[in-house]
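Letter by letter, the chains look like this.
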Amino acid sequence: MNSMYFTEEHNAFRQSFQDFLQKEVVPHIDKWEETGTIERFIWKKFGEMGYFGLNSPEEYGGLQLDFFYTVIFLEELQKINSGGFAAAMWAHAYLAMSHVEKEGSERIKTAYLTPSIHGEKIGCLCITEPFGGSDVAGMRTTAVKKGDTYVINGSKTFITNGVYSDYLVVAAKTDTTSRDKGMSIFIIDRDTLGVSATKLNKLGWKASDTAEIAFDNVVIPADNLMGEEGKGFSYIMSRFALERLVMGINAHARAEYALEYALQYMSERQAFGKTLNKFQALRHKVADLASEVEMCKEFNYSIAKRLNEGQYIVKEASMSKLLSTKIADTVINECLQLLGGYGYMEDYPMARLLRDSRLGPIGGGTSEILREIIAKIVIDKKEYKQSK
Ligand SMILES: Cc1cc2nc3c(=O)[nH]c(=O)nc-3n(C[C@H](O)[C@H](O)[C@H](O)COP(=O)(O)OP(=O)(O)OC[C@H]3O[C@@H](n4cnc5c(N)ncnc54)[C@H](O)[C@@H]3O)c2cc1C
């Protein structure tokens, strides 16, 4: 491992997390991929091991470690080849929980962050709506203040952990006359009257549950507002930098996994009396793929370091997700080809990898939207500032 970023302690953590995944998760993956349901016991085990609170403050039960522990967590989750299982875990920890940690009041942190770290409560983040996901400021879900409550109406879609989570972090309009400045963030218990979820069927990420969620006159206490009213859009944009880097790291890790698998296969499979890794056409293909993965990985590590130092990395995280997800799709597609017909079979990892990888350029900001952001920064010199 690159010693510029990873210490002996990091390496030991990687080894123990790999062992944990092999023992506790891998034996169940095919079942969870089939049922689209991740059993509760594994959430609890992740919690007991501290995996959901790697960077969270100790006072709430977290381990308060540096961001490279998260890099390892994400990489190793990709390497057991269930994008859906990985998504369920990281969406809880780095989408839902990160809003609770940054914007939640003391009451909310005690009630939701601590049990989330312990794996006792699962969260989801609800931003995308059926009418549109890219245009976040155009959302239609409303939150109307009535006395010491808010009443929520509207719907969300494509929500990871949307069916089985215990609480929902929800973006809604508190001022419908304004776009970005009229948005706020709330925390809502799953069992609140008027909340309903419908599970969606999808191409990949089979183990994770993805849902459409309806809010029908959902009444919540006013202090379930997270942060300040009207600041939701800036909170969402600030957390997007982390989400996009997470997705960039996921992408380089799954590309690396595909390549490692293909290399092993090529060293064993024979054609025309020699192993595949002796054919120059294939060797040059591998050289190209390995170079792309390495460039991507090193870029992502350098950004992770800057994030760890407290820098706001919106441009770089957008670039990371844009390029890493594209490279991952290419690498996995080419690696599937290297396996010939076996690449197309479900008994080999490439078919699932290819399906799961396809979500990379879509979820958490499409590649087109990322290009818009990068163009605004590079061409128009727009500056994005982090919310507190
Ligand atoms: C499996 C899965 C899990 C997800 N998990 C979550 C989750 O947990 N929480 C959550 O809130 N969301 C989640 N999403 C939603 C995801 O973030 C959105 O799908 C994504 O942001 C795109 O929104 P959309 O699907 O509405 O596409 P649209 O916004 O309708 O876009 C359609 C197409 O038009 C393009 N487009 C749109 N606007 C522009 C523009 N200005 N310029 C150029 N092209 C443009 C897009 O790039 C895309 O290709 C998930 C999605 C999936 C598929």
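This section reports on the structure supplied with the text. (Residues numbered from 1 in each chain as written. Predicted model: local features only at pLDDT ≥ 70, side-chain atom pairs only at ≥ 80, totals over all residues. Heavy atoms only, no water.)

Some words on the site of the ligand
In step 1: For the ligand, the set of nearby residues contains 19 residues, the closest of which are Thr 128, Gly 133, Ser 134, Thr 366 and Glu 368.
In step 2: For the ligand, a nitrogen atom lies 2.7 Å from a polar atom in the side chain of Thr 128.
In step 3: When contributions to the shell around the ligand are tallied by element, the ones reaching two or more residues are β1 (123–126), β3 (149–160) and α10 (367–378).
In step 4: The leading source of residues in the shell around the ligand is β3, at three residues.
In step 5: Residues that form the shell around the ligand fall into these classes: nine nonpolar, nine polar and one charged. (Near = heavy atom within 4 Å. Polar contact = N/O pair within 3.5 Å; in protein donor to acceptor, adjacent residues only side chain to side chain. Helix = DSSP H or I, 4+ residues; strand = E, 2+ residues; numbered from the N terminus. Nonpolar A, V, L, I, M, F, W, Y, C, P; charged D, E, K, R; others polar.)

Some remarks on the packing of aromatic side chains
In step 1: Tallied over the full model, the rule gives 26 aromatic pairs.
In step 2: A ring pair is formed by Phe 13 and Phe 17, whose centres lie 6.0 Å apart and whose planes are at 5 degrees; its orientation type is stacked. With Phe 13 and Phe 17 both in helix α1 (residues 8–35), this residue pair falls four residues apart, about one helical turn. Of the two residues examined, Phe 13 and Phe 17, each falls in the buried class.
In step 3: Ring plane angle 75 degrees and centroid distance 5.5 Å describe the contact between Phe 46 and Tyr 51, whose orientation is recorded as edge-to-face.
In step 4: For Phe 46, a relative accessible area of 0% corresponds to the buried category.
In step 5: Note on Tyr 51: relative accessible area 2%, which makes it buried. (Phe/Tyr/Trp six-rings, centres within 6.5 Å; stacked < 30°, edge-to-face > 60°. Buried < 20%, exposed > 50% of the residue type's maximum accessible area, 1.4 Å probe, protein only.)

Some points on the environment of Val 151
In step 1: Within the secondary structure layout, Val 151 lies in strand β3.
In step 2: Along the primary structure Val 151 and Leu 276 are separated by 125 residues, whereas in three dimensions their C-alpha atoms are 63 Å apart.
In step 3: Aside from chain neighbours lying at most four places away, what touches Val 151 is Thr 142, Ala 143, Val 144, Lys 146, Asn 217, Val 218 and Val 219. (Contact = heavy atoms within 4.5 Å.)

Quick word on helix α6 (residues 232–268)
In step 1: Taking 1.5 Å of rise per residue, 37 residues should cover 54 Å, and α6 covers 54 Å from first to last C-alpha, within 8% of that figure.
In step 2: The buried fraction of α6 is high, at 28 of 37 residues. (Expected span 1.5 Å × (residues − 1).)

A word on the pattern of salt bridges
In step 1: By the definition in use, this model includes 24 salt bridges.
In step 2: For Glu 256, the salt bridge identified is with Lys 79, shortest N-O distance 2.6 Å. Pair noted here: Glu 256 is in helix α6 and Lys 79 is in the loop between α3 (67–78) and α4 (83–103), with a separation of 177 residues, a long-range link.
In step 3: Relative accessible area serves as the criterion here: at 11%, Glu 256 is assigned to the buried category.
In step 4: Between Lys 285 and Glu 334 there is a salt bridge; the shortest N-O distance is 3.4 Å. Here Glu 334 lies in helix α8 (residues 314–338) and Lys 285 lies in helix α7 (residues 280–308), a separation of 49 residues in the sequence.
In step 5: With a relative accessible area of 24%, Glu 334 lands in the partly exposed category. (Salt bridge = Lys/Arg side-chain N within 4 Å of Asp/Glu carboxyl O.)

Here's the deal with helix α9 (residues 350–357)
In step 1: Counting buried positions along α9 yields six of eight residues, so the element is predominantly enclosed.
In step 2: Contacts from the buried residues of α9 go to α1, α4, α6 and α8.

Observations regarding the packing of α4 against helix α5 (residues 106–117)
Axes are the key here: two packed helices are described by the angle between their axes and the distance separating the axes.
In step 1: Across the interface, α4 lies against α5 with an axial gap of 10 Å and an inter-helix angle of 155 degrees. Classed by the angle they form, the pair α4 and α5 counts as roughly antiparallel. Helix-helix and strand crossings are classified by hand; for α4 and α5 the assignment is left-handed. From α4, His 92, Met 97, Val 100 and Glu 101 reach across to α5, where they touch Ile 108, Lys 109, Tyr 112, Leu 113, Ser 116 and Ile 117.
In step 2: Taken together, the residues of the contact of α4 with α5 sort by class into six nonpolar, two polar and two charged. (Axes fitted to C-alpha atoms, helices over the stretch in contact; angles between N-to-C directions. Parallel < 35°, antiparallel > 145°, perpendicular 65-115°, else oblique. Left-handed = near helix turned anticlockwise from the far one by under 90°.)

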